[in-house]
Structure formats: structure tokens, C-alpha cells
Amino acid sequence: MQIKLENIIPIPLKENLQHRSSDIWNTHQVFNAGEWVKIKAPSGTGKTTLIHFFYQLRFDFEGNIYWDNINTKQINVDSVAIVRQQKLSIVFQDLKLFGNLTARENIEINRVLQQPYCTSEKIDEMAARLGITSILNQKASLCSYGEQQRIAIIRALVQPFEFLLMDEPFSHLDNNNKNKAAELIAAECSERNAAFVVTDLDDNNFFNYHRKLIL
Amino acid sequence: MLKKLLKKIISTASGRTKFVMAVIGLSVALLLILSAVQIQANYNELLHGKTNTDSTANFLVVNKQVNNQTINATSLSDEELKQLQSQPFIDGVGNISASRFKASIESYSSTFPFYTDIAFETVPDAFIDIQPKDWQWDENADFIPLIIPNMFLDIYNFQFSVSQGYPQITPDVLKMISFKINLQYSNGQKVSYTGRIVGFSDRISSVMVPLSFMEWANKRFGNSLSNKPSRVVIKTKDPGNPELVKYLQNHGLTADADKTRFSKYRQIVNAIVGVSWVTGAAMLLFALLIFTLFIQLTIASCKTEIQLLITLGASPKQLKSFLMQQFFPFNLIVTCVVLIIIAGLQYVLYHFLQQQHIFLQPYLSLSTIASAIIVVLVLWWVNRSTIKKYIRI
């Protein structure tokens, strides 16, 4: 999957952003299939907003975004759902878990929303790699942020995807866990030959990025 | 697995009691409306079914009421006859024509002497309840066949003979006795014929002669008074039809009260069935409203969860079909249970009425099943459109 940005600028931040130089806002930018891209973004520059534009959660922008050369403004809700099920996966900054479901159920629901990409055992395997096996049957609302973040990462990885969006995916993790999570993500993306965009406040070298951009 | 998870996400928020209330409301409404249909079907069957009536048609003798306004003016005009004929509930009208000449009848026998002035009436054969084999008249023969009301013989056998000390007479004996019938020209000259009773009628309460004889005799002996009938026999499928009774009343006509009396009961039954229909329909409307509100409430109370599901990639289509599967089967189950209950009641009713010699179908009527299908379709549509309306993102 390829995502193309064409002069996009968020309407609420228009005034602030117009006088700043940015690799993304108000430029042409193409994120190619299989490309691993890091976007460094200081607070308040519209990092989460950008991820939501990518994922079609927000529409308050000027310019155009293309999913595989299709203008996202012309895609209906059912087609968006198909893209999210088959091609585009995401780790939200605010995690967005169902508090009343267990960790396993939170992951499982994303696995079975479409024809499952992997087996249910794969969840146990990934949980073991990230060290959250013990809380798999615990309600998500009772898990710590660090645990919730790892649940959200695994949830994003159990569905089929060609493009992975990650919004500060390691913000609640210690370095050891960051590395484990990054390894898992890299392995899954390589296996699928998938592209990803990861946003972060600072510099990091968790992945072998093809490009690094500044928002 | 997906269903199980969706159920866990969506049903946790909705109230169990409200759901039970919605289902009960729906059941009562369906029970009322489908029973009304079944009662209507039973009722129609009782009215028009072959097993419950002796003959498919009934005959009523209709004439104008004799009161201060209609004295000596009770004949029915052509206009009135035409109107009567054109009514949808009247299948046929037979004019009863009266003789327009003086006549008398006397016995040949000196042991049983009698003499009386008499008048005849006639009606087309199709309107007479009996067709005796001697009911033929021939101009060249000297013989006139007569049909008299059964009532006349009863009056003789049970009143007259007792009071006068005469022997009782059986119908067969009476049919063998010949009488002398004198017909009188308008100038007073008399001609005698032989008459014999050939049958007894329950339908028309007068002495009847064949139509052909009446036409001939009226021409020959008649005094050229009005030839308009005063009475007619009408043929109708249903003498209890309230429309017929109303029509007769409005036009100052009377008919055998006994036969039309049923009309009152029918009006009452009609009213009751009507009330049941209206109540059932109103209840159904409310039940649909309750169910719609219940669906809205369920969706509203887990709006965040639904939103998140869509964010994660659940398609609105998937959610709609899931919600439909959550709500619609209950509607189906309720309809089936109600149908089973009504079928049971119908079976009991069938057995009960059979003992009273009233025959109904032991099974549900087709119209009840058809109504149930229509109601299910309405429910399906209401469910679907409510879900569609509230799963907008």
C-alpha cells in the first residue's frame, strides 16, 4: 500500500503551521510500499492529527490524501472498513482498548474482524515475547499503561496489513521492553513486507528506517 | 468468536428488564391482532361454510309495511322492484302476483261440507320450496293444482278439528281429496273446476296456483285492477346480513322477522371483532415503538464501543447484521409462539364447538398465517431501519 499526501494542512493549526518549515505539511510526500519512515515531531506540531488523517479518523484538513492513488475523500465507510481490515493497521497513542474486555479479547477481536491472518496461538507467542502472558485474561482497564501499550501493539500486529501506523508506540515502556516491542514489530513488518510510519518526540534507532522526516 | 466478542461489547450496556418488557408488549399485541384475524376467519366460515347451513340460499317474503300512510298502496312499483333487484345481497326477486278475480272453494263431499271465498297467489316455480309432480296446469284440463301453507293444515288438525269434533287429516289424505273451485267473471257468471292440493309449503303463507294458470285466469276473469305485486320473494345467501335488514327498514319493507333476527347478533359480533382489531393494531403500534426505543437505547448506551469497533475496522455492514441477529430472532420467536398458542386455542375451540354441532376448521386459517407473515415483515423492516438509522457514523 502506498499513501500519498498532497499539500495537506490541518485547518485548526493552519495559522501556526504555515510559517514553519515541515517535511509533511503543505508539501508533496509519498510513503511507498515496504518503506519504513520515522516522523519526528515536537509537541503541538500535529503529530496525532497527522496519524488520524492517515487513518481517516479526521477530515478537517486542506489538501488531499491518497490511499493507493484513491483520494480518501471519495471512499465510502464500507470501503474504509475493508482497507482498515486488510491493509492498514494502527497503534494509537491513547491505545483505545475496550476496558471491559480482557487483554486477550481485545487482541482477538481485531484478529477475527476479518478472515484471520494468524492463529490464536500466535497471540500467546507474541504476548510471551513482550512479557504480558500473565495479564492476558485480565480486564484491560485493570492493566497498567505499559501493559496496555503492549496489548495495543499486539492487537495491531494480529491483523493483515500492508501499512502500519504507530503514534508514539513506546511512550509507556522502558528501554528493555521498547527493544523487544520494536523487534517484534520489525519482524512482523518484514514478514509482510509492510511499510510503517512511526511518530516520536525524539530521535531513536529502534528500526532501520529508510527515511526520517520532521513534522 | 467475533459474535461472542461483539455480544460482550454491545449487550453489557443494555437493560434486561426493558428488553423483557418490549418482548411481552410485542407478544400481547401479536396475540390480540392474530386472534382477531382467526376469529374473523372462524366467523366467516360459520356464516358461509357449507357444513353449517342447510341450503346455500334463503328466501324471504318481503312486503310493504301496512300503516296509515300505506293503506291501499302497498304495491311495489317497477322502480322499487328494480332497485331491490340491483342490491348486491339479493340474488333474485320473484314477484308474488295475486288473483284479480273472485273465487270460492267448496267440498264435493256431503259428509264433510264446506264453502269459502278464496283468493290465490302465485310465484315463479324457482321460488317455491317444493316441486310436487302434479304441479302442472293445462288449459284444456279441468284440473287446478294448489299448494297451501303447512300452517293451514296445522290450524285444522290442532285447533279446528279438536273444537268441532272432526277427525284429524294427514297430508297424504288431504292430497287425495278433490275440491270444487268456482271462478267468477266480472259480470258474476261462475265457471267450476276441480282442484286438488298437491303440496304444502313452509315458505309462502298463501294458497298458491301455478303461474301459467294465474296469467290465464287473470286475463279471462280479471277485473283489470293493478297488476303490480304487493309482495315479492327474495333470494339471498344470508338473511342475517345487517345490510339487507337495514335496506328493508329504510325502504319501509318488512320480512320474516325470525330469519332476519340473526342480523342483530351479527352486528354485535362484528363490533366485538372490530374492537379486537383496533386494540390489536394500537397495541402493535405501541409494541413496535417500544421495540424501536429499545434498539435505540441499546445502540445509544454503547455508542463509544460501537465507535471504537468502527475505528478498528469493523464495517457498519458487519455491525448492522450483528445487531439484526441480536434483535430480530426474538421477534420471530414471539410470532411463532403466538401462532402456536392461537393454534392450540383454535384446536380446543374446534373440539368444544363440535360438541355443540358447530363445525370449525381445527387448524389456523390461511389468513392468520398470512397476517403473521406480514407482521414479521413489518417487524423486520422496523428493526432494520432503526438499526440503520442509529449506526450512522
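Predicted model, so just to flag it, every value in this text is computed and none were measured. (Residues numbered from 1 in each chain as written. Chains lettered and ligands numbered in written order. Predicted model: local features only at pLDDT ≥ 70, side-chain atom pairs only at ≥ 80, totals over all residues. Heavy atoms only, no water.)

Asker: Can you break down the overall build of chain B residue by residue, with the values?
Answerer: What chain B contains, in helices and strands, is twelve helices and ten strands. Summarising its shape, the C-alpha atoms of chain B cover approximately 115 × 45 × 40 Å along the three principal directions. For chain B, with 393 residues in total, the buried portion stands at 43%. Taking the contacts inside chain B whose residues are at least 6 apart along the sequence as the reference set, 78% of them involve residues at least 24 apart. (Helix = DSSP H or I, 4+ residues; strand = E, 2+ residues; numbered from the N terminus. Buried < 20%, exposed > 50% of the residue type's maximum accessible area, 1.4 Å probe, protein only. Contact = heavy atoms within 4.5 Å.)

Asker: So what's going on with the environment of Val 80 of chain A? Which residues, and what values?
Answerer: Residue and element names in this part refer to chain A. Locating Val 80 in the fold gives a position in helix α3 (residues 77-86). Separated by 25 residues in sequence, Val 80 and Tyr 55 place their C-alpha atoms 9.0 Å apart. If sequence neighbours within four positions are ignored, Val 80 has contacts with Trp 67 and Ile 75.

Asker: Hey, could you go over helix α5 (residues 120-130) of chain A for me, with residue numbers and the actual values?
Answerer: Residue and element names in this part refer to chain A. Taken as a whole, α5 has its buried residues at Lys 122, Ile 123, Met 126, Ala 127 and Leu 130. Take α5 and look down its axis: the buried residues cluster within an arc of 135°, on one side only. Where α5 is buried, its residues contact α4 (103-112), α6 (145-157) and α7 (175-192). Trailing α5 by a residue or two, Gly 131 shows a phi angle of about 75°, which is positive. (Arc of directions from axis to C-beta.)

Asker: Give a detailed account of the confidence of the model for chain B, specifying residues and quantitative values.
Answerer: Residues and elements named next belong to chain B. Mean pLDDT over chain B stands at 83; residues scoring 70 or higher make up 93%. By mean pLDDT, helix α8 (residues 257-260) is the weakest element of chain B at 65, and strand β6 (residues 143-149) is the strongest at 91. For residues 52-56, every residue scores under 50 in pLDDT, and the model assigns this stretch six contacts once sequence neighbours within four places are set aside. (pLDDT = per-residue confidence, 0-100.)

Asker: Describe the pairing of strand β2 (residues 28-31) of chain A, and please don't skip the residues or the numbers.
Answerer: Residue and element names in this part refer to chain A. Only one face of β2 is covered, namely the one carrying Gln 29 and Phe 31; the face carrying His 28 and Val 30 has none of its residues buried. Pairing of strand β1 (residues 3-10) with β2, which is carried by four bridges, proceeds in the antiparallel orientation. Counterpart to Glu 6 in the pairing with β2 is His 28. (Pairing = 2+ DSSP bridges.)

Asker: So what about the packing of aromatic side chains? Which residues, and what values?
Answerer: Counting across every chain of the model gives 24 aromatic pairs over all chains. Between Phe 31 of chain A and Phe 54 of chain A, the ring centres sit 5.3 Å apart and the planes meet at 75°, which makes this aromatic pair edge-to-face. One end of the pair, Phe 31 of chain A, is in strand β2; the other, Phe 54 of chain A, is in helix α2 (residues 47-54), and 23 residues separate them in sequence. Both residues of the pair, Phe 31 of chain A and Phe 54 of chain A, belong to the buried class. Their ring planes at 65° and their centres at 5.8 Å tell us that Phe 207 of chain A and Tyr 209 of chain A sit as a pair that is edge-to-face. By relative accessible area, Phe 207 of chain A is classed as buried at 4%. Through pairs of rings, three or more aromatic residues link up here, namely Phe 101, Trp 137, Tyr 185, Tyr 193, Phe 213, Trp 216 and Phe 221 of chain B. Directly above the ring of Phe 92 of chain A sits Lys 96 of chain A, whose terminal nitrogen or CZ lies 5.2 Å from the centroid. (Phe/Tyr/Trp six-rings, centres within 6.5 Å; stacked < 30°, edge-to-face > 60°. Lys NZ or Arg CZ within 6 Å of the ring centre and 35° of its normal.)

Asker: Which residues make up the interface of chain B and chain A, and what are the values?
Answerer: The interface of chain B with chain A comprises 20 residues on the first partner and 21 residues on the second. Note on chain B versus chain A: buried area summed over both sides is about 1,900 Å², and carbon and sulfur give 70% of it. The largest per-residue losses of area from chain B upon contact with chain A belong to Leu 5, Thr 311 and Leu 312 of chain B, which jointly make up 32% of the total buried on that side. Remark: the boundary between chain B and chain A carries one salt bridge. Between Glu 105 of chain A and Lys 8 of chain B there is a salt bridge, with the nearest N and O atoms lying 2.9 Å from each other. There are six residue pairs in polar contact (both at pLDDT 80 or more) connecting chain B and chain A. (Buried area = accessible area lost by both parts, 1.4 Å probe. Salt bridge = Lys/Arg side-chain N within 4 Å of Asp/Glu carboxyl O. Polar contact = N/O pair within 3.5 Å; in protein donor to acceptor, adjacent residues only side chain to side chain.)

Asker: Describe the state of the cysteines, and please don't skip the residues or the numbers.
Answerer: For the coordinates displayed, the defined rule picks out zero disulfides over all chains. Free cysteine: Cys 118 of chain A, not disulfide-bonded; nearest cysteine sulfur from Cys 189 of chain A at 14 Å. (Disulfide = S-S within 2.5 Å.)

Asker: Quick rundown of the domain arrangement of chain B? Include the residues and the values.
Answerer: According to the domain assignment, chain B contains domain 1 (2-52 + 265-390) and domain 2 (58-236). Taken over C-alpha atoms, the centre of domain 1 of chain B sits 62 Å from the centre of domain 2 of chain B. (Domains from an automatic or database assignment.)

Asker: Lay out α7 of chain A in plain terms, naming residues and giving numbers.
Answerer: Residues and elements named next belong to chain A. An ideal rise of 1.5 Å per residue puts 26 Å on 18 residues; α7 measures up with 26 Å between its terminal C-alpha atoms. Those residues of α7 that sit buried are Asn 177, Ala 181, Ala 182, Leu 184, Ile 185, Ala 186, Glu 188, Cys 189 and Arg 192. The inward-facing, buried residues of α7 contact β3 (36-40), α5, α6, β7 (163-167) and β8 (195-200). Of the residues that open α7, the one with a side-chain oxygen 3.1 Å from the backbone nitrogen of Asn 176 is Asp 174. (Expected span 1.5 Å × (residues − 1).)

Asker: Run through the nonpolar core, naming residues and quoting values.
Answerer: Ranked by size, the top nonpolar core spans 50 residues in total, and within it Phe 98 and Ile 109 of chain A together with Leu 30, Phe 291, Ile 306, Leu 309 and Leu 323 of chain B carry the most contacts. At ten residues, the largest contribution of residues to this core is made by helix α11 (residues 316-355) of chain B. Excluding anything up to four places from it in sequence, Leu 309 of chain B contacts Phe 98, Ile 109 and Leu 113 of chain A together with Leu 6, Ile 9, Ala 314 and Leu 319 of chain B. Within the second largest apolar cluster, 39 residues are counted, among which are Val 91, Leu 97, Leu 136 and Ala 152 of chain A. (Core = buried A, V, L, I, M, F, W, Y, C linked by side-chain atoms within 4.5 Å.)

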